[in-house]
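Below, each chain spelled out in residue letters.
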Amino acid sequence: MGLGSKQQNLLRMLPGVDRMLEAARAEAFFAAVPQILLTESLREVIASLREEILSEEATVGSDDLNIKTLLDRIREHVKQRLSPKLKRVINGTGVVVHTNLGRSLLSEMAVKNLVAIGSRYSNLEFDLSKGIRGSRYAAVEEILCEISGGEAAMVVNNNAGAVLLCLETLASGKKVIVSRGELVEIGGSFRIPDVMAKSGAILKEVGTTNRTHRHDYEGAIENETGLLLKVHQSNYSMVGFTASVSLSELVELGRTYHIPVMEDLGSGTFIDLSKYGLMKEPTVQESVAAGADAVTFSGDKLLGGPQAGIIIGKKELLDRIKKNPLTRALRIDKLTLAALESTLSLYRDKDSAVASIPTLKMITTSLKDITKRARSLQRELKKLGSPRLRVILMDLSSRVGGGALPMLNLPSKCLGIRIEGMSANVLERFMREKTELPVIGRIEADLFILDPRTIQDEEIPIIKNAFSDLFQRT
Ligand SMILES: *Cc1c(COP(=O)(O)O)cnc(C)c1O
């Protein structure tokens with residue numbers, strides 16, 4: 001298809017980079033912008049205009065191409081480039097441990113400690129009583145053992161790292177027996193068989209997809225067997241005709257044949273969530289009590305702390321793990337350590353942990369409180385007085401996320417929002433991309449849905465502003 005004469009005219013009107021550079025130099029704003037950034041921005045704006053002109057539904061007119069309008073556009077582009085890429089967002093998805101939105105929010109105490117330790121010197125690796133080099137992990141090992149009942153503990157960068165480190169230490173060059181039903185893939189390319197391969201351990205699958213029995217494990221044990229591994233199914237669930245071997249049974253088997261047993265708990269929680277009306281998740285204490293030699297789990301899933309991979313288990317084994325050179329490559333930094341120690345200390349009192357650790361608080365928020373927040377947000381939006389706005393309250397559900405409790409629907413009261421003359425897709429995109437603070441929601445039944453479970457009270461005015469902005473600009 002040839003170019004129409006209108007398109008050709010518009011293309012001819014597009015100024016070159018040199019000409020724009022000269023025009024930009026006359027403005028104080030651009031004088032302060034680094035040369036490379038300015039030239040790149042000019043090129044990108046001109047290229048995107050060219051593309052727009054050439055596209056089927058060209059919306060560019062000659063008015064868009066005068067120098068003043070172009071400079072405005074470039075100024076916006078430069079501002080965009082200079083603004084931080086990692087920014088706060090409002091999570092209206094109702095997924096509490098949302099991996100793409102940063103998983104857990106740190107408690108107030110953890111944040112305070114993180115700032116205190118991060119902005120000053122600390123005894124990170126210094127033993128204050130002896131005046132000599134100390135262990136980086138001393139700050140959290142004791143409390144991890146205290147809460148879990150384990151003999152020893154260790155923390156690395158994340159749970160994927162913890163699993164890799166344990167496998168490498170315990171079973172490099174040896175066979176690791178795992179049930180077929182537990183060869184899971186977690187989002188973001190963590191797959192048990194792949195991690196296993198990287199660790200140098202050899203995967204020995206047993207059982208079938210839906211059923212694995214004790215005799216399957218037992219029949220697979222041979223001289224080169226280095227480990228029996230149990231993996232939490234995490235983000236999926238098996239129903240129907242299923243069978244699996246409990247951790248205690250595996251431990252018994254391991255003892256008989258002198259083979260260590262490890263469990264990757266995935267999310268990992270110190271709190272029996274069934275006490276709060278939720279489904280039962282295995283707790284870390286239960287796995288430790290069952291006698292696993294090593295238990296691994298994440299710091300930022302149900303635990304509600306910073307990103308970390310926690311390993312709890314037998315002292316003899318943890319000593320070997322601590323000496324593994326991989327540990328150095330996977331080590332956590334002082335900010336993580338500070339936030340983790342504070343988070344863990346909250347678990348000394350379980351009820352206060354649920355009240356002060358945001359992840360647990362959001363998961364256990366009552367439907368009554370969520371409804372209250374939903375009504376309050378609905379009221380605030382209506383106060384904007386736009387005749388285009390329709391907001392209804394809907395009975396939908398939230399999710400825990402982070403590969404925990406995949407079958408659990410947490411009952412919630414959500415806002416279903418429609419703006420007259422605007423599709424739900426356009427509304428969703430505006431809220432995500434065009435507002436000062438992105439408001440992330442989801443689309444259902446052609447409505448933009450906001451779930452108050454993951455929205456904090458002080459975020460209501462921010463959402464209101466985003467809508468006010470929308471009514472002014474569209
Ligand atoms: C989430 C998860 C992991 C990975 O943990 P990260 O902390 O994200 O590295 C590993 N195993 C299981 C079963 C998980 O659920």
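Keep in mind the model is a prediction, meaning the values are calculated, not measured.

What follows concerns the domain arrangement of the chain. If you check the domain split of the chain, you get domain 1 (5-82), domain 2 (90-98 + 365-473) and domain 3 (106-356). Summarising the inter-unit geometry, the C-alpha centres of domain 1 and domain 2 are found 36 Å apart.

Once that is clear, we can look at the side chain of asparagine 324. Assignment of secondary structure puts asparagine 324 in the loop between helix H13 (315-323) and helix H14 (326-329). Not counting the four nearest positions on each side in its chain, asparagine 324 is found in contact with Leu165, Glu168 and Thr169.

Moving on, we come to unusual backbone geometry. The phi torsion at alanine 445 lies on the positive side, around 50 degrees, for a residue other than glycine. Topologically, alanine 445 is positioned in the loop between strand E17 (442-444) and strand E18 (447-450). By relative accessible area, which is 65% here, alanine 445 ends up exposed. Notably, aspartate 446 is not glycine yet its phi reads approximately 60 degrees, a positive angle. For aspartate 446, the position within the fold is in the loop between E17 and E18. What makes aspartate 446 partly exposed here is its relative accessible area of 47%.

Applying the stated criterion across every chain, the model contains four aromatic pairs. Aromatic side chains phenylalanine 29 and phenylalanine 30 sit 5.1 Å apart centroid to centroid with 85 degrees between the ring planes, which places their arrangement in the edge-to-face category. Look at phenylalanine 29 and you get partly exposed, because its relative accessible area is 29%. Owing to a relative accessible area of 2%, phenylalanine 30 belongs among the buried residues under this scheme. Summarising the aromatic geometry, the rings of phenylalanine 270 and phenylalanine 297 are spaced 5.8 Å apart at their centres and angled 85 degrees between planes, so their arrangement reads as edge-to-face. Note that phenylalanine 270 is positioned in the loop between strand E11 (261-266) and helix H12 (284-289) and phenylalanine 297 in strand E12 (residues 294-298), a separation of 27 residues in sequence. Phenylalanine 297 shares its class with phenylalanine 270; the two are buried. Following the ring pairs from residue to residue traces out a cluster consisting of Phe270, Phe297 and Tyr347. The ring centre of phenylalanine 29 lies 5.9 Å from the NZ or CZ of lysine 79, which sits over that ring. When the ring centre of phenylalanine 241 is taken as reference, the NZ or CZ atom of arginine 211 above it lies at 3.7 Å.

Rules used throughout
Residues numbered from 1 in each chain as written. Predicted model: local features only at pLDDT ≥ 70, side-chain atom pairs only at ≥ 80, totals over all residues. Heavy atoms only, no water. Domains from an automatic or database assignment. Helix = DSSP H or I, 4+ residues; strand = E, 2+ residues; numbered from the N terminus. Contact = heavy atoms within 4.5 Å. Buried < 20%, exposed > 50% of the residue type's maximum accessible area, 1.4 Å probe, protein only. Phe/Tyr/Trp six-rings, centres within 6.5 Å; stacked < 30°, edge-to-face > 60°. Lys NZ or Arg CZ within 6 Å of the ring centre and 35° of its normal.

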